[in-house]
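# Structural overview for review
These are the residues of each chain, in order.
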Amino acid sequence: MGYDLVIKGGRIYDGSGMPSYLSDIAVQNGRIVEIGRIQNGAARTIDAGGLAVAPGFVDHHTHMDAQIFWDPYATSEPQHGVTSIVMGNCGLTLAPAKPSDHDALVKSFVRVEAMPRSVLEAGVPWGWESFGEYLDALEGKVGVNVGGLVGHIAVRQYVMGEESVERAATTKEVEQMKRLVREAMESGALGFSTNRNERHMREDLKPVGSRLADDDELFALCQVLSELNSGVIETILGRNKIEHFKFYDRLARATGRPVLWQSLQHRWVEPNLWREQLDAVAPIFADGYQAYGLSHTVPLVRHFTLKNCQVFDEFPVWKALMFLPVEARREAFKDPATRQKMRADLADPRPVNFHRNWNVLKVEKPAKAENRKYAGKSIAELASMRGQDPLDAFLDLALEEDLDTVFWNANNGGDADAMGEILRSPYVLMGTSDAGAHVQFGADFGYGTTLLGLWVRERQLLTLEHAIHKLTFHVASIFGLQDRGLLRPGYAADIAIFDPKTVNAHEPEWAEDYPGKTKRLIQRSEGMHYTIVNGRPIYEDGRLTGDLPGRILRGSAHRDRHAAAA
Ligand SMILES: [Zn+2]
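Cut-offs and rules
Residues numbered from 1 in each chain as written. Predicted model: local features only at pLDDT ≥ 70, side-chain atom pairs only at ≥ 80, totals over all residues. Heavy atoms only, no water. Donors = N, O, S within 2.8 Å, 3.2 Å for Na, K, Ca; no water. Tetrahedral: all angles 85-135°; square planar, octahedral: opposite > 155°, others 65-115°. Buried < 20%, exposed > 50% of the residue type's maximum accessible area, 1.4 Å probe, protein only. 1 Å grid on protein atoms, 1.4 Å probe; cavity = no way out; pocket = protein on both sides within 12 Å on 5 of 7 lines; lining within 4 Å. Points joined across faces, edges and corners; volume = space filled by probe spheres on them. Nonpolar A, V, L, I, M, F, W, Y, C, P; charged D, E, K, R; others polar. Helix = DSSP H or I, 4+ residues; strand = E, 2+ residues; numbered from the N terminus. Contact = heavy atoms within 4.5 Å. Domains from an automatic or database assignment. Pairing = 2+ DSSP bridges. Axes fitted to C-alpha atoms, helices over the stretch in contact; angles between N-to-C directions. Phe/Tyr/Trp six-rings, centres within 6.5 Å; stacked < 30°, edge-to-face > 60°. Polar contact = N/O pair within 3.5 Å; in protein donor to acceptor, adjacent residues only side chain to side chain. Salt bridge = Lys/Arg side-chain N within 4 Å of Asp/Glu carboxyl O. Parallel < 35°, antiparallel > 145°, perpendicular 65-115°, else oblique. Left-handed = near helix turned anticlockwise from the far one by under 90°.

## Section: the coordination of the zinc ion
All of the protein donors around the zinc ion are H61 (NE2), H63 (NE2), C90 (SG) and D434 (OD); their distances to the metal are 2.1 to 2.5 Å. For the zinc ion, the four donor atoms in the first shell make angles of 79 to 170° at the metal, so the coordination geometry reads as irregular. Read in sequence order, the donor residues coordinating the zinc ion give the pattern H-x1-H-x26-C-x343-D. In terms of burial, H61 and H63 fall into one category: buried.

## Points about empty space enclosed by the protein
Inspection of the entire model under this criterion finds three cavities of 30 Å³ or more. Lining the largest cavity are 18 residues, with S433, D434, A437, G442 and A443 positioned closest to its centre. Among the residues making up the lining of the largest cavity, the classes are represented as seven nonpolar, seven polar and four charged.

## Some points on helix 15 (residues 416-424)
Residues of helix 15 that are buried: A416, A418, M419, G420, I422 and L423. Elements that come into contact with the buried residues of helix 15 comprise strand 12 (259-264), helix 9 (273-286), strand 13 (291-295), strand 17 (428-430), helix 16 (447-458) and helix 17 (464-471).

## Digging into the layout of surface pockets
Considered as a void within the structure, the largest pocket measures approximately 1,200 Å³ in volume. Taken together, 36 residues make up the lining of the largest pocket; nearest its centre are N197, R199, H200, E314 and N353. Among the secondary structure elements, those contributing two or more residues to the lining of the largest pocket are helix 2 (102-112) and strand 12. Looking at which domains feed residues into the lining of the largest pocket, each of domain 1 (57-299 + 415-480) and domain 2 (301-411) gives three or more.

## A look at the sheet that holds strand 7 (residues 82-87)
Read across the open sheet, the three strands follow the order 6-7-8; overall the sheet is parallel. Each edge of the sheet is formed by a strand with only one pairing partner; in this case those strands are strand 6 (57-59) and strand 8 (145-148). Taken pair by pair, the neighbouring strands of this sheet meet at an average axis angle of 20°, ignoring direction. Bridge analysis of strand 7 against strand 8 gives four bridges, and the strand direction is parallel. Counterpart to S84 in the pairing with strand 8 is N145.

## Observations concerning the packing of aromatic side chains
The description of an aromatic ring pair rests on the distance of the ring centres and on the angle between the ring planes. In total, this model carries 22 aromatic pairs according to the counting rule given. Their ring planes at 80° and their centres at 4.9 Å tell us that F245 and W261 sit as a pair that is edge-to-face. On the criterion of sequence distance, the pair formed by F245 in helix 8 (residues 244-255) and W261 in strand 12 is long-range, its members being 16 residues apart. Take F245 and W261: they sit in the same class, and that class is buried.

## Focus: the environment of T297
On the secondary structure map, T297 appears in the loop between strand 13 and strand 14 (301-304). In this structure the C-alpha to C-alpha distance between T297 and G431, which are 134 residues apart in sequence, comes to 6.6 Å. The contacts of T297, once residues within four sequence positions are left out, are M419, L423, M430, Y447, T450, L451 and W455. In this structure the side chain of T297 is engaged in a polar contact, spanning 2.7 Å, whose partner is the backbone oxygen of Y447.

## Considering the pairing of strand 20 (residues 509-514)
Remark: a regular strand shows side chains that alternate across the two faces of the sheet. For strand 20 and strand 21 (residues 518-522), the ladder comprises four bridges, and the chain directions are antiparallel. Bridge pairing links W510 to L521 in strand 21. Between strand 20 and strand 21, which follow one another and run antiparallel, lie three residues, and G516 among them has a positive phi close to 75°.

## Points about unusual backbone geometry
Following A95, the chain continues to P96 via a peptide bond in cis, the omega torsion being -5°. In the segment running from Q262 into S263, the intervening peptide bond is cis, with an omega of -10°. Even without a glycine there, the phi angle at H438 is positive, about 50°. Unlike most non-glycine residues, D541 shows phi in positive territory, near 50°. Among the structural elements, D541 can be located in the loop between strand 24 (536-540) and strand 25 (543-544).

## Section: the pattern of salt bridges
By the definition in use, this model includes 45 salt bridges. Among the salt bridges present, the one from D345 reaches R350, with a minimum N-O distance of 3.9 Å. Relative accessible area serves as the criterion here: at 26%, R350 is assigned to the partly exposed category.

## So, the packing of helix 7 (residues 215-228) against helix 8
Orientation of helix 7 relative to helix 8, taken along the N-to-C sense of each, is 40°, at an axis distance of 9 Å. Between helix 7 and helix 8, the crossing angle belongs to the class labelled oblique. Judged by the sense of rotation from one axis to the other, the crossing of helix 7 with helix 8 is right-handed. In contact with D215, L218, F219, C222, Q223 and S226 of helix 7, helix 8 contributes F247, R250, L251, A254 and T255. Here the contact of helix 7 with helix 8 is composed, by residue class, of six nonpolar, three polar and two charged.

By themselves, these are just geometric observations and shouldn't be taken as functional.
Written as structure tokens, this is what we have:
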């Protein structure tokens, strides 16, 4: 008998973390059917000699809720071996939603996830009300597999309207929210997400609704997942504090569900916090509960101009300036008294994410030819080249270029020892790509290819087997994707084929592929030869194939309900 597809002669990294081995893989009807020395012919054969063959990666932290409608591949995910994405993180979803809620949800996405309003208005084909109808609207139209969490912000808005950003909920309202969460889970949500980040507000500067929920409300909603015995609870509490672990502990114990918390990383301003976090989470796991920390593999780079900038939002004087119309902002930047206030604001010693280090912040791309000599220089270097104070040099260069100078910042990135311990920890969930969000500030689609290129091949902080496990089976297990994340007969044929000698992520680059030709950052890769979804290649030899084999990944509450009905 002939198979649909045979992948010949590759080295299999099966996702379990077991040693890799040389073998062929046969695929029939979207599933892996045989692994070994395959004799039968196939409609198509891929020669994988010299290449690694792994399960497709699962990008569990995206905000592709809107983009997936106009971009069924969720680009640049396939370019990096990603075959499944999860949307609806950080409390933000586009469902459930009544027509009267649409603008409120757009307001949250515009500000929290920094997505241009014009893009959301042009690109989101509203037409659903329930979470299930939202998933149904995508069925059959996607290139990658797509799953979603249901977001607290949408649930609260649906029940309370604009009062959701004003006050606590009544007992009756919490009951209504519980019904919505149950409905969403039963129609296929992979879990529930919430957001208590004190910096997360809407476009109109009102807090996102979930921030007004007390513990009683939040625990009641999470209890629905416990009752259904399904799904993950994804949280963002804001600035990382060790006290948060009491909360994660209570939530994990109360529900028995995996709790995901943001985030764990090496940061220059708090270089030991990651170790304290790993120490704090260990007792929760020791007691048999799960509370996974989300981590980045990519230094969190932000590319910005002073026309469009969130880097300084932690500093009230700076933030107020960034909200001024551009002309008024320009005048303010020229004013010595304003600069004095900006300087004092930066010097305030309260804890923030920004490192306050002019050696880290860089000029990425000057707008004018005569300033090209500054490209790649830190602001400290710029200041000494110009014989100025750093703040003055930073603002004057931007003013000379009509605020079009592109700057570069990274608040984390880590020393290799710290990164090694973080990447290897079983309590750490790899990847916070935030794909689909902050689309004009950065692009981390390549968290997986960066892990394989930078941290495995160049720095040798973990084995390729271990890294593949962290990108695939580890994630699929936590999210309950029961037939994905491993290369085994019977499993879905989601497969990434790459060259371990060259695989890596490129620097992000600009594209004009959003609705209305709006600019955003995309990211290409090196060494990723094939990305195969349900047995069909969606990316090969550097281009997308046009095929749409993706499925909607629905959680076990949905599967169980259907099994019971059958
Ligand atoms: Zn997020």
